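Coordinates in review
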Amino acid sequence: MLRRRLNRLFGGDEGRVHSRTIYVGHKSCPPNEAYIPPKFCDNRIVSSKYTVWNFLPKNLFEQFRRIANFYFLIIFLVQVIVDTPTSPVTSGLPLFFVITVTAVKQGYEDWLRHKADREVNEYRVSVLEDGRRIRKMSAKIKVGDIVEVEEDETFPCDLILLQSSRDDGTCFVTTASLDGESNHKTHYTVADLESDLQYLSATIECEQPQPDLYKFVGRMHIYRNSQEPDVRSLGPENLLLKGANLKNTQKICGVAVYTGMETKMALNYQGKSQKRSAVEKSINAFLLVYLFILVSKALVCTTLKYVWQSKHDETWYNEKTQKEKETNQYLKMFTDFLSFMVLFNFIIPVSMYVTVEMQKFLGSFFITWDKDFFDPEIQEGALVNTSDLNEELGQVEYIFTDKTGTLTQNNMEFIECCIDGFQYKHGDGSSELDGFCVTDGPVNKIQQKAGREREELFLRALCLCHTVQVKESTKQRQDQNDQFDQIDQVDGLGLDHGFLDPPQKEMGFIASSPDEIALVKGAMRYGFTFLGLESKNMKILNRNKDVETYELLHVLNFDPVRRRMSVMVRSKTGDILLFCKGADSSIFPQVRQEEVERIRMHVERNATEGYRTLCVAYKHLSAQEYARADADLREARLALQDREEKLMAVYNRVETDMILIGATAVEDQLQDEAAQTMEALQGAGMKVWVLTGDKMETAKSTCYACGLFKKNTELLELTLRTLEDGGRSREERLHDLLLEYHKKAVQDAPPVKLGITRSWSVAGHDYGFIIDGASLSMVLSSSSEPNSRRYKNLFLQICQNCTSVLCCRMAPLQKAQIVKLVKNSKGNPITLSIGDGANDVSMILEAHVGIGIKGKEGRQAVKNSDYAIPKLKHLKKLLLAHGHLYYVRIAHLVQYFFYKNLCFILPQFLYQFFCGYSQQPLYDAAYLTMYNICFTSMPILAYSLLEQHICIEVLLEHSTLYRDIAKNAMLRWKLFLYWTALGIFHGLVFFFGVRFLFSNPALQDNGQVFGNWSYGTIVFTVLVFTVTLKLALDTRHWTWINHFVIWGSLAFYVFFSFFWGGIIWPFLKHQRLYFVFANMLSSVSAWLVIILLILLSLLPEILLVVLRKPRGPHARQKKSSAGDPQSPQSPARPLLTRTFSDESNTVI
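How each quantity is defined
Residues numbered from 1 in each chain as written. Predicted model: local features only at pLDDT ≥ 70, side-chain atom pairs only at ≥ 80, totals over all residues. Heavy atoms only, no water. Helix = DSSP H or I, 4+ residues; strand = E, 2+ residues; numbered from the N terminus. Buried < 20%, exposed > 50% of the residue type's maximum accessible area, 1.4 Å probe, protein only. Areas by Shrake-Rupley, 256 points an atom, 1.4 Å probe, with all protein chains shown as cover. Pairing = 2+ DSSP bridges. Axes fitted to C-alpha atoms, helices over the stretch in contact; angles between N-to-C directions. Contact = heavy atoms within 4.5 Å. Expected span 1.5 Å × (residues − 1). Arc of directions from axis to C-beta. Polar contact = N/O pair within 3.5 Å; in protein donor to acceptor, adjacent residues only side chain to side chain. UniProt positions renumbered as here; feature names shortened; annotations may be inferred. Salt bridge = Lys/Arg side-chain N within 4 Å of Asp/Glu carboxyl O. Phe/Tyr/Trp six-rings, centres within 6.5 Å; stacked < 30°, edge-to-face > 60°. Lys NZ or Arg CZ within 6 Å of the ring centre and 35° of its normal. Patch = residues over 30% accessible without salt bridge, like charges linked within 9 Å, V, L, I, M, F, W, Y side chains within 5 Å.

**Things to note about the overall build of the chain**
- If you tally the helices and strands in the chain, you get 36 helices and 36 strands.
- Within the span of the chain, comprising 1148 residues, buried residues form 54% of the whole.
- When the accessible surface of the chain is summed, it comes to about 51,500 Å², and 57% of that surface belongs to carbon and sulfur atoms.

Right under this line is the structure:
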């Protein structure tokens, strides 16, 4: 006894190393043992990142891990420690602004998490203690508590279902908050428990917490008197997950097994890996260039300072102090170098990071607010889960898409079936006996049919082999024979057509897959109706309107490896039957081979027509066979270690030597505008790959329907079928086929013109590639490493030279492998994955950009995606319009920031040549501080949010415009050098233009001369007006916001200069700008030079805009609409609504 207690406490025995023991209701078991309460975490949920005490140090540490922030911190500290020419405020205030804005944003987001945690933790729940019902906070639930949950309430922790108000011991739950699936799922109570849980004495052994929502292994030991404990197996069907909701069940009771941060929901709460956009990488590269320029300027000035001092004697008015004379020469040179670094450090734009973050965050709302993305069917629009990748939407080169639910609607409709090789189609107006209309048979005899017994066996299989539940009204159904023909049940809803009484309208089907509902509805058409499951008894209504009852013995659940599911049932006569349905590739090897050929022809024809096919088989089980299978299943379900593998072995042993009855065909229609969307994306230069788990024939027909494959497309097939041709080994055949396809698609292909990715007009040069999962495994993991690397390269080159690629029979991991293979290939192309199901999550997370479809396979894809859209057709606007504009905006923002800071600092650098390299600042400290924060920040932010250089309608109509910005076109070195040269030109004009003005000794009416602060103020005034008006010239889409921020920023600068220089500030030691600005504007010469220098600086830009001829399709459209004043492209449009498409197709 002591040993058992120690084992339970420390997990000492072999079977419990990776398990935990839970005492139900905190009672000792057996009752004569002492109860040692185990230690588990409480039920508090903590999703927040910070606390009140650690927010400041933790947040600051995280922010200063960014290189730019750390750099400016070092500059600030240098200004504080070393005697530098500028005040520490000049770099400290912008840095403080950046850090504060980011901290406030992150603090607010964490406060929302704290608020959500508080709501969850303080939620009141009912707990049964000593037979009494007690209300307590959710956070105080402990492992072992018996919790009561009522209908529509949320489960406060992970529970094992002990008791249900339903007679059959089941309950229904929805897990929308976990995986997004809104379908009702059935869970079962532990069998044969006491009706009064107060007297239940039991322990639960289960696995340690792990994040897989669909896996759970455990067993319950039930102690009754002094007998040996009864053992019950526990699986996922007994586990109710925290966050799920109780539905269609009055109340349940369950024991807490995982609480707090050990619940499956909490273990799945983790951030996705951080994705970095191509723009961010370009920013880092540009920063290195400007950092090099900064260091070079500081080195040049430091060197020239000491050269100048060696040639000039020390001035009488600036004699060195004794301390300066005793300072080490090298230390003094290093200090001077740091001082110059501080003086020129504004060439690195610290505020750009804040502006980029705000642009991404605010810009993401335009996707959410887009009314074109709203889908009336689900009453939802687009969703942005991350705003860091907005511009990446404009750089996509490869699209990897799922088929079912993405290219197709996942709205299943039963089309036909095949029984014993005879095809059956349902005719609505048919007078054929038994509701069947036979359209053809294997020998094309119209009236030939399978035997009635086989037909009924097939229909019984459809009615029994599933996990569908019937949701009934409280009123018992009457006259079922007539009513079922009037019900159209789609996705769990019973739709009345005017023939049913109001209470009966509530009847409908509940299923986790639309396939199963389609098959049950198909059986209903032919006279067999599934009435529901009651206390392990399945009832069906046959053609003769008699109710048949079958005892449900076991369900052999579907899994993606077996690709089939089965049920064992016992009829009233005592016969035990196994019914099985699944994919043809998984059913055919398990049945008698002489029956396969009769069905295979129909399955392949249906797959070619684009239908989803399932094969149906059955098997009679003798009493001995069932007894053995029942014992093996119970033993496997009680295993704590390797339960799934043991169950799989039993399933495969039972599902052998079956008799094939027939097959079904279910249609999954194409998504709206799927073909148009694919054509537009390919026209934009993107290559589309379809990655699906479906059969090749079905997927191929979908590709033809979507326009991915054309009539003249030559298909290169690398599947098991082609590998087994020729009588050679698969490895040799794989090698030969890869070389053959490489020669055809790569070596012999004509050279492709720049910007052209597809040539549909030239027959023989349009290739499509098809590969299946087994062949891909051989390509990716060949027996020898050199061969594997070579196969990958050949495979990749072939695929990249094909217009479209179809990968069928893919496992989720293989989808991610393909995406990773392309993503890491030469040139690092930008990839996008789009899907709607849980099996698409891996490729969505792997791609640069992940898109989730709000479909019918749950919301796991949506939760793990970067962006979510209701339908595939919305991808066209998301990429061609939003992606294009976001990229152009942020690219212009980045180039403009570097340009305006170069304009800002170059005059400061040139000024050192005229002041003896004395580190004298050209601008006042207030100007240094406010330049990036106030004077020039808002116009570029407004531009980066609102600019439309080409109107959206033109972008959608002419998808080829997307190619103009491909491969990071606007952030290439050529354009970067252009902006840099423009900044240098403007900086030279500002400085030497004002110096030319100062060659006049008397600039005022009274003969007084201007000082050095007047000099810097004039340069700064020309600078602010020029860079702001430069942005105004670049703006093609004017709104009132653009007008407000551009002219408002200039007005604010003038106001601030008057205000700052018009008051004596007591906290300033040196009032450098006192009345300088007002005094400067009193000179006509200053006014003239300011205006002339602004015009001179912008003259090249103005001439470029005026003389440049519009190009591109929108220009032709403008010409054709020039005579129509109402046309959207007419020049008569007012300035506020004109776009760049009226002017040009080029942005500089």
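The discussion continues.
**Description of helix 28 (residues 925–935)**
- With nine of 11 residues buried, helix 28 is to be regarded as a mostly interior element.
- Along helix 28, the positions that sit buried rather than exposed are Ala926, Tyr927, Leu928, Thr929, Met930, Tyr931, Asn932, Ile933 and Phe935.

**Some details on the pairing of strand 15 (residues 398–401)**
- Neither face of strand 15 is exposed, since Tyr398 and Phe400 on one face and Ile399 and Thr401 on the opposite face are all buried.
- In this sheet, strand 34 (residues 831–835) lies alongside strand 15 in parallel orientation, the contact comprising four bridges. Opposite Phe400, over in strand 34, you have Ser833 as the bridge partner.

**Comments concerning the sheet that holds strand 8 (residues 202–207)**
- Spatially, the four strands line up as an open sheet ordered 1-8-9-10, and their pairing is antiparallel. In this open sheet, the two strands that pair with only one neighbour each are strand 1 (19–23) and strand 10 (230–234). Within the sheet, the average angular offset between the axes of one strand and its neighbour, ignoring direction, is 20°.
- Bridge count between strand 1 and strand 8: five bridges; the pairing is antiparallel. Bridging from a neighbouring strand, Arg20 pairs with Cys206 of strand 8.
- Lying on the sheet, helix 16 (residues 623–638) is in contact with strand 9 (218–222) and strand 10; it crosses strand 10 at an angle near 80°.

**Quick notes on unusual backbone geometry**
- Non-glycine residue Asp420 carries a positive phi angle of around 55°.
- A relative accessible area of 14% means that Asp420 is categorised as buried.
- Even without glycine at this site, Lys545 takes up a positive phi of about 65°.

**Thoughts on the pairing of strand 34**
- Within strand 34, five of the five residues are buried, which leaves the element mostly enclosed by the surrounding structure.
- Going residue by residue along strand 34, you find Thr831, Ser833 and Gly835 tucked away on one face and Leu832 and Ile834 tucked away on the opposite face as well.

**Topic: the sheet that holds strand 4 (residues 146–150)**
- The six strands lie next to each other as 3-2-4-13-5-11, forming an open sheet whose pairing is antiparallel. Lying at the two open borders of the sheet, with one neighbouring strand each, are strand 3 (132–137) and strand 11 (239–240).
- As paired strands, strand 5 (residues 158–164) and strand 13 (residues 251–258) are joined by six bridges and run antiparallel to one another. Residue pairing in the sheet places Leu159 in a bridge with Ala256 of strand 13.

**Some details on the side chain of Thr355**
- Locating Thr355 in the fold gives a position in helix 10 (residues 351–369).
- The contacts of Thr355, once residues within four sequence positions are left out, are Leu893, Phe897, Ile940 and Leu941.

**Things to note about helix 21 (residues 730–747)**
- For helix 21, built from 18 residues, the straight-helix expectation of 26 Å at 1.5 Å per residue is met to within 8% by its first-to-last C-alpha distance of 24 Å.
- For helix 21, the complete set of buried residues consists of Leu734, Leu737, Leu738, Tyr741, His742 and Ala745. Down the axis of helix 21, the sector holding all buried residues measures 135°, keeping them to one side.

**Concerning the side chain of Thr936**
- Following the sequence through the fold, Thr936 ends up in the loop between helix 28 and helix 29 (937–946).
- For Thr936, a relative accessible area of 1% gives the class buried.
- Within polar-contact distance, the side chain of Thr936 engages the side chain of Lys900 at 2.8 Å.
- The residues touching Thr936, leaving out its near neighbours within four places in the chain, are Lys900, Tyr931 and Val1027.

**Concerning the UniProt feature "binding site: Mg(2+)" (unreviewed entry) in the chain**
- According to UniProt, the "binding site: Mg(2+)" (unreviewed entry) feature falls on Asp402, Thr404, Asp836 and Asp840. For the residues just named, distributed over 439 residues, the greatest C-alpha separation is only 10.6 Å, placing them together at one site.
- With a relative accessible area of 6%, Thr404 lands in the buried category.
- Inspection of the secondary structure assignment puts Asp836 in the loop between strand 34 and helix 25 (841–846).

**Focus on the environment of Val1054**
- Examined against the element boundaries, Val1054 turns out to sit in helix 33 (residues 1040–1062).
- With 23 residues separating them along the chain, Val1054 and Phe1077 place their C-alpha atoms 8.7 Å apart.
- What Val1054 contacts, discounting residues up to four positions off in sequence, is Phe1025 and Phe1077.

**Details of the pattern of salt bridges**
- Counted by the stated rule, this structure contains 36 salt bridges.
- Here Glu391 makes a salt bridge to Lys360, at a shortest N to O gap of 3.2 Å. Linking Glu391 in the loop between strand 14 (383–384) and strand 15 with Lys360 in helix 10, this pair joins segments that are 31 residues apart in sequence.
- The residue Lys877 makes a salt bridge to Asp370 at a minimum N-O spacing of 3.0 Å. Of this pair, Lys877 sits in helix 27 (residues 874–911) while Asp370 sits in the loop between helix 10 and strand 14, and the two are 507 residues apart along the sequence. Each member of the pair, Lys877 together with Asp370, is buried.
- Look at the salt bridges and you will find they share partners, linking Arg133, Glu148, Glu150 and Lys251 into a network.

**Overview of the packing of aromatic side chains**
- Taken as a whole and assessed by the stated rule, the structure comprises 43 aromatic pairs.
- Relative to Tyr258, the ring of Phe216 has its centre 6.1 Å away and its plane inclined at 80°; by these criteria the two rings are edge-to-face. Of this pair, Phe216 sits in the loop between strand 8 and strand 9 while Tyr258 sits in strand 13, placing them 42 residues apart in sequence.
- For Phe216, a relative accessible area of 2% translates into the label buried.
- Relative to Phe898, the ring of Tyr290 has its centre 4.8 Å away and its plane inclined at 45°; by these criteria the two rings are tilted. Pair noted here: Tyr290 is in helix 7 (residues 278–311) and Phe898 is in helix 27, with a separation of 608 residues, a long-range link.
- You can call Phe898 buried: its relative accessible area is 1%.
- Here the aromatic cluster, defined as three or more aromatic residues joined through ring pairs, consists of Phe904, Tyr923, Tyr927, Tyr931, Phe935, Phe1020, Phe1025, Phe1052, Tyr1053 and Phe1056.
- Directly above the aromatic system of Tyr886 lies the positively charged group of Arg889, at a separation of 5.6 Å from the ring centroid.

**What about a nonpolar patch on the surface?**
- On the surface, Val300, Phe913, Phe914, Ile984, Leu988 and Phe992 cluster together into a nonpolar patch covering about 490 Å² of accessible area.
- With three residues, the single largest contributor to the nonpolar patch is helix 31 (residues 973–997).
- The topology assignment puts Phe913 in the loop between helix 27 and helix 28.
- Judged by its relative accessible area of 38%, Phe913 is partly exposed.

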